[in-house]
Amino acid sequence: MVELRVQEHQVLLGLEKNGGKASVEQLMVASNLPDAAVMRNALTLQENALLNIHAATQNVIKLTEEGKAYAREGLPERKLFRAIAEMGGEADLKEAAKKAGLPAEFIQIALGWVIRKKWAIFFGQNNRVKLLDEFLDNFAASHGKDEELLEQLINNGDEQVIVDELNVSMRGEAEQLKKRKLVVIELKTTRFLQITKEGKTALLEGKMVEPEVTQLTPELIITGKWRSVKLQKYNIEAPVTKFWPGKKHPYLSFLDNVREKLVTLGFQEMTGTSVETCLFNFDALNIPQDHPAREPSDIYYVKEPTRGDIGCHREIVERIKETHENGGQTGSTGWGYPYTFEAAQSLILRGHGTCLSARTLKNKELQVPSKYFSIARVYRPEVVDRTHLSEFNQIEGIIIDPNLNLKDLLGVLGRFATEIAGASKVRFKPDYFPFTEPSVELSAYKEGYGWIEFGGSGIFRPEVTHPLGVDIPVIAWGLGVDRLFMMHSGIEDIRTIFCQDINWLRKKQVT
């Protein structure tokens with residue numbers, strides 16, 4: 001003899017009341033159970049061959065917010081039609097639109113549909129609209145099937161209309177209204193439950209078990225009644241509804257992890273604004289004022305205001321000026337051009353995070369030895385492709401110590417690539433930057449992903465450190481942290497990081 005739980009009995013009884021077959025919605029009414037309870041018990045009953053679950057897909061049509069407004073107030077062409085009819089059947093288009101209360105952007109739309117539906121003719125030479133004679137005395141004759149469908153949908157309230165149940169002509173109107181963005185047509189899956197022969201037998205001959213307790217309450221525990229009641233058994237392998245709780249964006253979580261690792265290693269974070277002066281973005285980094293990197297095609301200039309105040313850095317500016325013109329006290333010959341303060345004042349969106357390093361080095365409270373980092377958003381007019389963006393993030397770092405050398409720099413970069421990006425191999429090659437010597441480019445390899453270039457590094461030249469008041473070695477690097485995340489997560493297109501693909505965001509986990 002089959003034993004049925006209370007809710008299982010209710011589901012089978014509800015099916016019998018509906019002739020042996022019913023939808024989940026119908027069973028919710030018949031059994032007085034919520035949809036989750038109906039499906040949970042239905043799955044158990046199906047495992048025991050007492051019922052079968054069938055799924056049917058149907059196209060349903062629903063009004064959009066704009067469609068609801070038109071269903072209540074009338075389509076734009078209907079409003080224009082009524083206004084012209086009230087004005088004697090012929091009127092100036094603008095005057096009729098004003099009487100109909102149509103916004104300017106809807107006048108041509110309404111006129112187009114009036115003509116398309118053959119309600120009226122338009123005389124372009126004098127901008128007048130005339131209704132056809134057949135509609136002057138028989139206003140209802142112009143009532144279209146699209147308006148009938150809108151009326152049917154609004155009258156249905158929350159009930160959805162199944163497209164396949166509409167007559168053929170109405171289906172065409174549904175598609176037309178969809179193009180006008182007044183309705184949406186969606187695929188809906190409806191589940192039907194059907195009792196089996198064994199289910200009918202169980203309902204007639206089966207034994208209904210005593211009510212089961214689904215939750216231990218304080219009363220049951222205190223009184224000891226939990227010993228005598230029957231506790232409900234749960235099938236922990238039964239499928240449940242998927243849900244996606246709110247969480248931080250995977251890339252932001254990755255940046256938090258990077259920041260935490262660097263702080264743990266003793267680095268202090270550098271911060272600054274996205275708008276910077278050319279003084280710190282270029283001049284302080286030994287980049288001459290006629291360098292191609294300063295062209296509008298390579299950097300974003302601020303339109304208003306165009307210049308920033310550098311008066312508080314006058315002493316530093318004078319040393320930078322001397323360094324650029326003749327090398328100053330650095331032992332260099334300089335760039336040999338007349339340095340201008342106006343160019344140094346120009347405001348831009350920072351093109352790299354190294355400007356934060358320059359600002360940090362000039363600080364009179366700079367500690368030696370010390371380590372600093374920044375995760376900075378930078379901006380360049382790049383051609384956007386799978387590895388480049390015009391707005392991206394850099395992880396910038398400097399270490400100040402009198403005993404530093406190139407070997408220390410390579411060790412830091414290798415650790416970045418392996419521990420943060422998960423690279424299995426790294427390689428370095430010589431590079432050139434106006435502000436470092438020697439200069440090194442870092443690339444890393446990950447099995448199944450390939451090689452990717454991360455950015456540049458080097459030891460700051462005296463032309464950089466001396467004008468800022470620092471006379472000991474400073475190793476520096478600027479790496480594309482977006483690319484670090486790409487390798488870490490196996491992403492091949494950098495644009496994926498900033499996309500709105502909800503499925504990728506739901507699946508992506510950061511470790």
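For the structure, check the block above.
In short, a report on the structure.

### As for the sheet that holds strand S5 (residues 120-123)
The antiparallel open sheet is built from 3 strands, whose spatial order is S4-S6-S5. Bordering the open sheet on either side are strand S4 (90-92) and S5, each of which pairs with just one other strand. Along the sheet, successive strands turn relative to each other by an average axial angle of 20°, direction set aside. Inspection of the sheet shows S4 paired to strand S6 (residues 128-131) by 3 bridges, in the antiparallel sense. Looking across to S6, one finds that Ala91 is bridged to Val129. Running at roughly 85° to S6, helix H5 (residues 76-86) makes contact with S4 and S6 of the sheet. Of the strands in this sheet, S4, S5 and S6 touch helix H6 (residues 93-100), which is tilted by about 95° from S4.

### Regarding the sheet that holds strand S18 (residues 436-446)
Spatially, S12-S15-S16-S20-S19-S18-S17 is the arrangement adopted by the 7 strands of the open sheet, whose pairing is mixed. In this open sheet, the two edge strands, each paired with only one partner strand, are strand S12 (268-269) and strand S17 (425-433). Note that S18 and strand S19 (residues 450-460) share 9 bridges and pair antiparallel. Considered in S19, the bridge of Ser439 is made with Gly458.

### Here we look at the nonpolar core
Counting 40 residues, the largest nonpolar core has Phe254, Ile395, Phe416, Phe454, Trp477, Leu479 and Leu484 as the members making the most contacts within it. Examining the composition of this core, we find that 6 residues originate from one element, helix H18 (residues 406-420), more than from any other. Apart from residues no more than four positions distant in its own chain, Ile395 is found in contact with Val258, Leu262, Ser374, Ile375, Phe416, Trp477, Gly478, Leu479, Val481 and Leu484. Residues Ile310, Ile348, Leu366 and Val470 belong to the second largest nonpolar core, which totals 33 residues.

About the thresholds
- Residues numbered from 1 in each chain as written.
- Predicted model: local features only at pLDDT ≥ 70, side-chain atom pairs only at ≥ 80, totals over all residues.
- Heavy atoms only, no water.
- Pairing = 2+ DSSP bridges.
- Helix = DSSP H or I, 4+ residues; strand = E, 2+ residues; numbered from the N terminus.
- Axes fitted to C-alpha atoms, helices over the stretch in contact; angles between N-to-C directions.
- Contact = heavy atoms within 4.5 Å.
- Core = buried A, V, L, I, M, F, W, Y, C linked by side-chain atoms within 4.5 Å.
- Buried < 20%, exposed > 50% of the residue type's maximum accessible area, 1.4 Å probe, protein only.

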